[in-house]
Amino acid sequence: MDHLPDFPENPFIPKPFVIEEKKRESPSVFSLYLRPIDQLPFYFLPGQFNMLSAIGGGEAAISIASDPTNPHILIHTLRIVGNVTKALSKLDKNDFVLVRGPYGRGWPIDLVKRKTLILVAGGIGLPPLLPLLYIAQKNKGYFKNLILLYGARTKDDLLFMPLLYKLKAEQIITLHVSVDRPSRDWKGQVGTVTALIPSISFDNKETFVFSCGPEIMMRFMARAFIQKNLPKEHIFFSMERNMKCAIGICGHCQLSPFFICKDGPVFPYEKIEHLLTVEEL
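Residues numbered from 1 in each chain as written. Predicted model: local features only at pLDDT ≥ 70, side-chain atom pairs only at ≥ 80, totals over all residues. Heavy atoms only, no water.

**Things to note about the overall build of the protein**
Logical step 1: Counting secondary structure elements, the protein contains six helices and 15 strands.
Logical step 2: Compactness check: the protein gives a C-alpha radius of gyration of 19 Å against a globular reference of 19 Å for 281 residues, within 12% of the reference.
Logical step 3: In terms of its C-alpha atoms, the protein occupies a principal-axis envelope of roughly 60 × 45 × 35 Å.
Logical step 4: The 281 residues of the protein split such that 51% are buried.
Logical step 5: Long-range pairs, those at least 24 residues apart, make up 69% of the contacts in the protein with a sequence separation of at least 6.
Logical step 6: Carbon and sulfur atoms make up 50% of the accessible area of the protein, which amounts to about 13600 Å² in all.
Logical step 7: Measuring between centres, the 33 positive side-chain charges of the protein sit 5 Å from its 27 negative side-chain charges. (Helix = DSSP H or I, 4+ residues; strand = E, 2+ residues; numbered from the N terminus. Rg over C-alpha atoms; globule rule 2.2 N^0.38 Å. Buried < 20%, exposed > 50% of the residue type's maximum accessible area, 1.4 Å probe, protein only. Contact = heavy atoms within 4.5 Å. Areas by Shrake-Rupley, 256 points an atom, 1.4 Å probe, with all protein chains shown as cover. Lys, Arg positive; Asp, Glu negative; His and termini not counted. Charge placed at Lys NZ, Arg CZ, Asp CG, Glu CD.)

Right, dumping it as structure tokens:
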């Protein structure tokens, strides 16, 4: 494509980005490193998401996985699960991607400043938490302690392990990793990520939990922390239900009175606790 049309400054109209780098993270997951065509900085809050599309390939809501202190590179990590992500997976370096956003309510990072923060991620639920790790890396005093509990189905499904091991070596995070289906060479914890919770200790009054992953995982995770006397109001979920419009109009992501795209994707656990137990909601 030799020329792209000028796009007006409107948050509801996508802007063109160019792929600066594409990385394979696992057999079904890849990351796109995007740079804005207009060279203007792209600011977002940790926990927000964008609507991404290959030109003519539909649109999908994808969490932002990049460093919020570097507004000139936008990173999205995607799992190939449908037509849109399949179309995006076929793109390569120097191809164009349309980006609309950022949208939604992010992590309440001001609430956890100078506190212990426990991040709980399941599989592809890690990318929405990565901006918090970058904040900790750039400002080592932001969190009192930062603990990451990370679980995946297999060793090959674990994402960003070189980065996580680097942050662990730099004593920026305390890292606990588990897999459901271990291979013969796996030497770590076996089981769901919630099995890691009993082994950690924390001050209930000074600790908060941010989690993203399968809803059933987050439900059991919350119960495990509550059993350790962590207040419900200290637990926050990032929900990833089907978001289509990003502005609360289409209704695809409705969760009873809430629209995930507009009222979330980050919610206090106590606000949605009762909704997560309702079948087919």
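And the narrative resumes.
**Concerning the sheet that holds strand β15 (residues 266–268)**
Logical step 1: One open sheet accounts for seven strands, arranged β10-β9-β8-β7-β11-β12-β15; its pairing is mixed. Each having just a single partner strand, β10 (189–190) and β15 make up the two edges of the open sheet.
Logical step 2: Where strand β12 (residues 235–238) and β15 come together, three bridges link them in antiparallel fashion. Within β15, the position partnered with Phe236 by the bridge is Pro268.
Logical step 3: Against the sheet, helix α3 (residues 161–169) touches β8 (145–152) and β9 (174–179), its axis set at about 145° to β9. (Pairing = 2+ DSSP bridges. Axes fitted to C-alpha atoms, helices over the stretch in contact; angles between N-to-C directions.)

**Let's talk about the state of the cysteines**
Logical step 1: A full pass over the atoms with the stated rule returns zero disulfides.
Logical step 2: Left unpaired, Cys250 is separated from the closest cysteine sulfur, that of Cys245, by 3.8 Å.
Logical step 3: On the basis of relative accessible area, Cys250 is assigned to the partly exposed category, the value being 34%.
Logical step 4: Counting only cysteine sulfurs, Cys253 is the nearest neighbor of Cys261, a cysteine outside any disulfide, at a range of 3.7 Å. (Disulfide = S-S within 2.5 Å.)

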